[in-house]
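# Survey of secondary and tertiary structure
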Amino acid sequence: MPGLHYSKFIPPSLSMSELECQKLDNDATDMLIDKWLERPHRPDSYYDWFQRVRERKHAANATQRREQILLWNKGVFVPENIFTRTVDTGRLIPLDRTWVTHVYHHCSMKRLTMMPVIFSMLPELMLLRGMHDRGCDDIYVIVTDLKRHEMDQVSEYFQYACQHTSSGYCKPSVEQKINHDYIQLTGALDRNRRTPCFPQIDLTLRAILHEKQPPFIVLFSHQTMSYSQILFAHPQFVPHKDVYHDFPSGCPNPGCTDNCCELVRFPKHGAKAAAVLCAPSKKGKKKVRYRYGRRVRPKEMCNWIDCDVCFSDDPVPSGGGCAAGEGCSEGSSEGSETGPEDGAGGRVSYAGLVCSRCKLVKYCSADHQRLDWDEHRRVCAKPAGEC
């Protein structure tokens, strides 16, 4: 239960926050995406990066159905033609799915529109939204005016505090360090007249993480020489370095690769370089009492968006699937291939039907493959090695 009074060691209630919340609905997000695609300075560093993504050819192997991938195989440069693998359901979905943004800001900013805040980090939000099939219909942003070194200190504090207070008990030395860092940050930001103050940032951020449990939260800074930090709830939600290692920094100069110019601290080098709030898994670790952010056990589900069949958890009787060559696909001329099945005690684990053309998605039935074909056809292609 969130605390009824403010504490650094117990998750507070979001009703205690004095920050104002402004919502940008799905229509506003659609409008921002359209404006971003129509921006006059195209092509730019983001467009060049997506072109490099298009040139990378994917391999056809079973392990890649569980790995993060980003594909642009067909069509023009629009979100509905760019597909990414979700980390929670293993589906291959386009980047055209929108979201509702909840922007928390100080009352002195109430006359300012928050549309430029989202527009400045729209490519990053589109990619992070596409990585999650569920639990990412709402994105939370806290607007600050922290400078670069202050953002570094605040990020380190939240990582340390969330990792060591989730069990409900922490050692006296850890409690002393959290109190010391909290007082130091509060005093430093007050002297520099930062808004909102650090206690409000701390209260709002931990309350959102505990009550709403998003996979990530964004600390935005409108300081020109600073950056915005993405705090991830779990290493599973961090973009993979093999896919995003050359992601642009956001600098207006297309050839710039300097991290000092980055507008958003996007984790291009994987979980080790990202701001992750959960504690590393260890044997014998105490049970988590206060959960900050979303936790999801990765699954492999039918690629049809309205289907809830999970291949790893749902065993069915033998012969429950349709074999290859029986007309399992109406859209793909290649049909489908029946995946391996493991028998155990008279029950067979349903491995699903793999698309035999791209070998990147699975379906529970031929009907769902036909229903998904209008969307999947925009990315379905033979691997480079088989062309």
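Anyway, here's the lowdown on the structure attached to this text.

Thresholds applied
- All chains use their own residue numbering, which begins from 1 and follows the written sequence.
- Predicted model: local features are reported for residues with pLDDT of at least 70 only, side-chain atom pairs are reported and counted for 80 or more only, and whole-chain, interface and lining totals are derived from all residues.
- Each side-chain value is worked out from all heavy atoms of the structure, with water and hydrogens disregarded.
- In the sections that follow, a salt bridge refers to a side-chain nitrogen of Lys or Arg positioned within 4 Å of a carboxyl oxygen of Asp or Glu.
- By the criteria applied, helices consist of DSSP H or I runs no shorter than four residues and strands consist of E runs no shorter than two, each listed in order from the N terminus.
- Three exposure classes are used, based on accessible area relative to the maximum for each residue type with a 1.4 Å probe and protein chains only: buried under 20%, partly exposed in between, and exposed over 50%.
- Only strands joined by at least two bridges in the DSSP assignment are considered to pair.

## As for the pattern of salt bridges
- Evaluated as defined, the whole model comprises 12 salt bridges.
- The salt bridge partner of R265 is D152, with a shortest N-O separation of 4.0 Å. A residue pair is termed long-range when its members are at least 10 positions apart, and R265 in strand 9 (residues 264-265) and D152 in helix 5 (residues 148-165) qualify at 113 residues.
- Taking relative accessible area as the criterion, D152 reaches 29% and is therefore assigned partly exposed.
- With a shortest N-O distance of 3.8 Å, K362 and E300 are connected by a salt bridge. Taken together, the residues K362 in strand 16 (residues 362-363) and E300 in the loop between strand 10 (275-276) and strand 11 (315-316) connect sequence positions 62 residues apart. Comparing K362 with E300 shows no difference in burial state: the two are buried.

## Some points on the sheet that holds strand 3 (residues 83-85)
- Taken together, the three strands give an open sheet; going across it, the order is 2-3-4, and neighbouring strands pair in antiparallel fashion. Looking at which strands have only one partner, the edges of the open sheet turn out to be strand 2 (70-71) and strand 4 (92-94).
- As paired strands, strand 2 and strand 3 are joined by two bridges and run antiparallel to one another. Following the sheet pairing, L70 is matched in strand 3 by T84.

## Points about the environment of C364
- With respect to the element layout, C364 can be found in the loop between strand 16 and helix 9 (366-376).
- Exposure remark for C364: the relative accessible area of 12% places this residue in the buried category.
- It is 5.1 Å that separates the C-alpha atoms of C364 and G352, two residues lying 12 residues apart in sequence.

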